[in-house]
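# Report on the structure
Residue-level listing of the chains:
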Amino acid sequence: MEICVFGAASKVIDEKYIDAVEEMGEYLAKRGHNLVFGAGCTGLMGAAERGFKKGGGKTHGVIPTFFKGTLSDFVDWNCDKMTYTETMRERKAVMEKESDCFIITPGGIGTFEEFFEVLTLKQLGRHTKPIALYNVDGYYDNIENAIDYSVETGFIKKHCKALYRIFDSLEEMADYIENDDADYNVEDLK
């Protein structure tokens, strides 16, 4: 399975997140999976890549060509496969197309945007791939509370909650992405 991992590129985040995501990558690779990601060598992107490599998995990095300039220090140039795009939008489109599921690790604005984009696309029936939030140390509790509040106030249909799952257990998350039961009806979401 080709797993798209979204997550922070920050160099200043707590080691507990880096350690957890590196462990996740190694665990998933040992289960026979490969990584599709934004080709970052720092933060949680770098941690995911190191973990997948340590576990014997292959890595597919996707970056816009403008990263070759001033952002090249943030790029892992040792990916097994590298795809270049012109824009950030194209980057996400390639990662979405090349993957079988999505794992969203802790991150900032870019990571939130990636999560909500794949969630929106799933709601619109554009894909049926599993979406998992890896809730390291409760990081996504507040996002979950915000979504619950939006459901309560009628801004999000309650059926949307069936489109993703939130996990703090690697084993449960791996079981979900490998065996997504897709217990929702796309028509109910419109």
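Here the structure is shown first, and the text comes after it.
Residues numbered from 1 in each chain as written. Predicted model: local features only at pLDDT ≥ 70, side-chain atom pairs only at ≥ 80, totals over all residues. Heavy atoms only, no water.

### Points about the environment of G108
With respect to the helices and strands, G108 occurs in the loop between β5 (101–104) and α4 (109–123). Residue G108 is classed as partly exposed on the basis of its relative accessible area of 31%. Sequence separation between G108 and A132 is 24 residues, and the spatial gap between their C-alpha atoms is 16 Å. (Helix = DSSP H or I, 4+ residues; strand = E, 2+ residues; numbered from the N terminus. Buried < 20%, exposed > 50% of the residue type's maximum accessible area, 1.4 Å probe, protein only.)

### A few points about the pattern of salt bridges
Enumeration over the complete set of coordinates arrives at 12 salt bridges. A salt bridge links K161 to E144; the shortest N-O distance between them is 2.5 Å. Here the residue K161 occupies a position in the loop between α5 (141–152) and β7 (165–167), and E144 occupies one in helix α5, the gap between them amounting to 17 residues. On the accessibility criterion, E144 (17% relative accessible area) is buried. As a salt-bridge pair, K161 and D148 come within 2.6 Å of each other at their nearest N and O atoms. Placement of K161 in the loop between α5 and β7 and of D148 in helix α5 is noted, with a sequence separation of 13 residues between them. Overall, the relative accessible area of 27% leaves D148 in the partly exposed class. When salt bridges with common partners are traced through the structure, they connect E22, R50 and K54 into a single cluster. (Salt bridge = Lys/Arg side-chain N within 4 Å of Asp/Glu carboxyl O.)

### Examining the packing of aromatic side chains
By the definition in use, this model includes 8 aromatic pairs. With centroids separated by 5.1 Å and ring planes inclined at 65°, the aromatic side chains of F66 and F67 adopt a geometry described as edge-to-face. Judged by relative accessible area, F66 falls into the partly exposed class, the value being 45%. Assessed through its relative accessible area of 11%, F67 is described here as buried. Each ring, one from F112 and one from Y140, has its centre 6.4 Å from the other, and the planes form 70°; the classification is edge-to-face. Placement of the pair is F112 in helix α4 and Y140 in the loop between β6 (131–134) and α5, with a sequence separation of 28 residues. (Phe/Tyr/Trp six-rings, centres within 6.5 Å; stacked < 30°, edge-to-face > 60°.)

### Topic: the sheet that holds strand β3 (residues 59–64)
Taken in spatial order, the 7 strands make up an open sheet running β4-β3-β2-β1-β5-β6-β7, and their pairing is parallel. Both outer strands of the open sheet, β4 (81–85) and β7, are each paired with one neighbouring strand and no more. Strand-to-strand, the axes of this sheet are offset by a mean angle of 25°, without reference to chain direction. Here β3 runs beside β4; their pairing, made up of 5 bridges, is parallel. (Pairing = 2+ DSSP bridges. Axes fitted to C-alpha atoms, helices over the stretch in contact; angles between N-to-C directions.)

### Topic: helix α1 (residues 15–30)
Its 16 residues place the ends of α1 22 Å apart at the C-alpha level, agreeing with the 22 Å of an ideal helix rising 1.5 Å per residue. For α1, every residue scored as buried is listed here: Y17, I18, A20, V21, E22, M24, G25, L28 and A29. Residues of α1 that are buried make contact with β1 (2–6), α2 (43–54), β5, β6 and α6 (170–178). The distance from a side-chain oxygen at the start of α1 to the backbone nitrogen of K16 is 2.8 Å, and the residue carrying that oxygen is D14. Downstream of α1 by one or two residues, G32 has phi in the positive range, about 95°. (Expected span 1.5 Å × (residues − 1). Contact = heavy atoms within 4.5 Å. Polar contact = N/O pair within 3.5 Å; in protein donor to acceptor, adjacent residues only side chain to side chain.)

### What about the state of the cysteines?
With the rule as written, the count across this model stands at 0 disulfides. Of the cysteine sulfurs around C4, a residue in no disulfide, the closest is that of C101, at 8.3 Å. Residue classification places C101 among the buried positions, given a relative accessible area of 0%. (Disulfide = S-S within 2.5 Å.)

### Re the nonpolar core
Counting 33 residues, the largest nonpolar core has M24 and I103 as its most contacted members. Put simply, the parts of the chain that give this core at least two residues each are β1, α1, β2 (34–37), α2, β5, β6 and α6. A per-element tally of this core places α1 first, with 7 residues. Not counting chain neighbours up to four residues away, the residues in contact with M24 comprise V5, I103, T105, Y134, L170 and M173. By size, the runner-up hydrophobic cluster in this structure holds 18 residues, among which are F6, F102, I104 and L133. (Core = buried A, V, L, I, M, F, W, Y, C linked by side-chain atoms within 4.5 Å.)

Worth remembering: the numbers are spatial, not functional.
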